[in-house]
Amino acid sequence: MLTDNFGRRFYYLRLSITDVCNFRCNYCLPDGYECNGERDFLKLTEISRVAKAFSQLGTEKIRITGGEPSLRKDLPEIISTCKQTQGIKKVALTTNGFKLPTHLPSWLDAGIDAINVSIDSLDPRQFHTITGHNKLNTILKGIDMALSANNAPTVKVNTVLMREYNAYDIQSYLDWLKDTPVTLRFIELMQTGDNKEFFDAQHVQGARIKQNLILAGWLPVISDKSSGPAQEFYHPDYQGKIGLIMPYSKDFCNTCNRLRVSSQGKLHLCLFGESGLSLREQLQCDDLEPLKAQIVSLLGDKKATHFLHEKITGATKHLAMLGG
Ligand code: SAM
Ligand code: SF4
């Protein structure tokens, strides 16, 4: 089992398969995707080796992310490759869902277990302002399709809290959750290398929302080992649940259970660490032992926490680089 110097165990791998994105979310890629570096993203054979090596080291869950992962035409093959890897119990995807109704059937056929869709406003005009795309209704239709599918995946919705764009209208999300059986996760905006001014103007603490939820009768869900740092709540009158991800809260990193591999095959020990540690050389052959040895050895450098409180964001310019 992958364990670091602080006794944390890593059941969960977040695998980025591209850093390209078609959206221009104001907190992430406000000027859209700019191709500055290599675009030599991991190939299917390399992805298969990553999945096998991590599963042999105890990883049980893989989340595929990006950039926008659905821009890769071979996404269904990537999902099924991860899914067929012995030891991997759950394959999840994080997506902006821009073509969710069209893509969903092939992802379901490939065996996807869980889909997280980002929706930063339930108001179509505000959604357009935040992302640069008028896609809210398409995405909501895709979510309804996912929920009513035969082999329905778990559906979660990610909402990044922003003072002037959505935090004043939590009620519209609560109204939606009354009859919609999804888990909505409010994510505190994180500072990255590129968004300092935006962060200073828009950051809202999740703790305030948590307080209001508890006052309104929301109750904590008991979490399991794979749930990570989200704090979840349920309410007997609501079909949906609410999660809070508060990276600035005390002890947030104590429950870290995830490692990241970038679309260039670099291991990232923390979302806000220094530039990743390359596994690419070890990914070129079928013998997984050197790859596993490299992962175990690099894990020895994982720090106890991120340094976001000191406004140190590491090498992460924006989260499209790594997948959040
Ligand atoms: N494009 C996909 C999407 O938006 O779902 C996957 C990649 S995106 C980087 C993954 C998640 O990170 C999204 O839910 C997004 O809202 C979140 N995210 C991006 N930048 C963030 C930031 N600065 N602070 C908090 N969350 C952020
Ligand atoms: Fe693209 Fe996701 Fe970043 Fe939005 S949050 S710009 S959809 S990578």
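None of the values given here were measured: they were computed from a predicted structure. (Residues numbered from 1 in each chain as written. Chains lettered and ligands numbered in written order. Predicted model: local features only at pLDDT ≥ 70, side-chain atom pairs only at ≥ 80, totals over all residues. Heavy atoms only, no water.)

> So what's going on with the overall build of the protein chain? Which residues, and what values?
From N to C terminus, the protein chain includes nine helices and twelve strands. Against the globule reference of 20 Å for 324 residues, the protein chain gives a C-alpha radius of gyration of 19 Å, in line with a compact fold. Principal-axis analysis of the C-alpha atoms places the extent of the protein chain at approximately 55 × 45 × 40 Å. In the protein chain, the share of contacts with a sequence separation of at least 24, taken over all contacts with a separation of at least 6, comes to 71%. Here the protein chain displays about 14,500 Å² of accessible surface, and carbon together with sulfur accounts for 49% of that area. Both charge centroids of the protein chain, one from 38 positive and one from 35 negative side chains, sit 2 Å from each other. (Helix = DSSP H or I, 4+ residues; strand = E, 2+ residues; numbered from the N terminus. Rg over C-alpha atoms; globule rule 2.2 N^0.38 Å. Contact = heavy atoms within 4.5 Å. Areas by Shrake-Rupley, 256 points an atom, 1.4 Å probe, with all protein chains shown as cover. Lys, Arg positive; Asp, Glu negative; His and termini not counted. Charge placed at Lys NZ, Arg CZ, Asp CG, Glu CD.)

> Can you lay out the site of ligand 1 for me, pointing to particular residues and giving the numbers?
Inspection of the region around ligand 1 gives 20 residues, with Tyr 27, Gly 67, Ser 118, Asn 158 and Met 190 positioned closest. Glu 68 is positioned with one of its side-chain polar atoms (N or O) 3.2 Å from a nitrogen atom of ligand 1. A distance of 3.2 Å is found between an oxygen atom of ligand 1 and a backbone nitrogen or oxygen belonging to Thr 95. Contact with the protein chains covers 95% of the free accessible surface of ligand 1, which is 540 Å². (Near = heavy atom within 4 Å. Polar contact = N/O pair within 3.5 Å; in protein donor to acceptor, adjacent residues only side chain to side chain.)

> So what's going on with the pairing of strand S5 (residues 154-161)? Residues and values would help.
The side chains of a regular strand alternate, first on one face of the sheet and then on the other. Across the eight residues that make up S5, a large majority, seven, are buried. Judged from the six bridges that link them, S5 and strand S6 (residues 183-188) form a sheet pairing that is parallel. Among the inter-strand pairings, Leu 161 is bridged to a residue of S6, identified as Glu 188. Taken together, S5, helix H6 (residues 170-179) and S6 constitute a β-α-β crossover, and its handedness is right-handed. (Buried < 20%, exposed > 50% of the residue type's maximum accessible area, 1.4 Å probe, protein only. Pairing = 2+ DSSP bridges. Right-handed = clockwise from strand over helix to strand, strands pointing away.)

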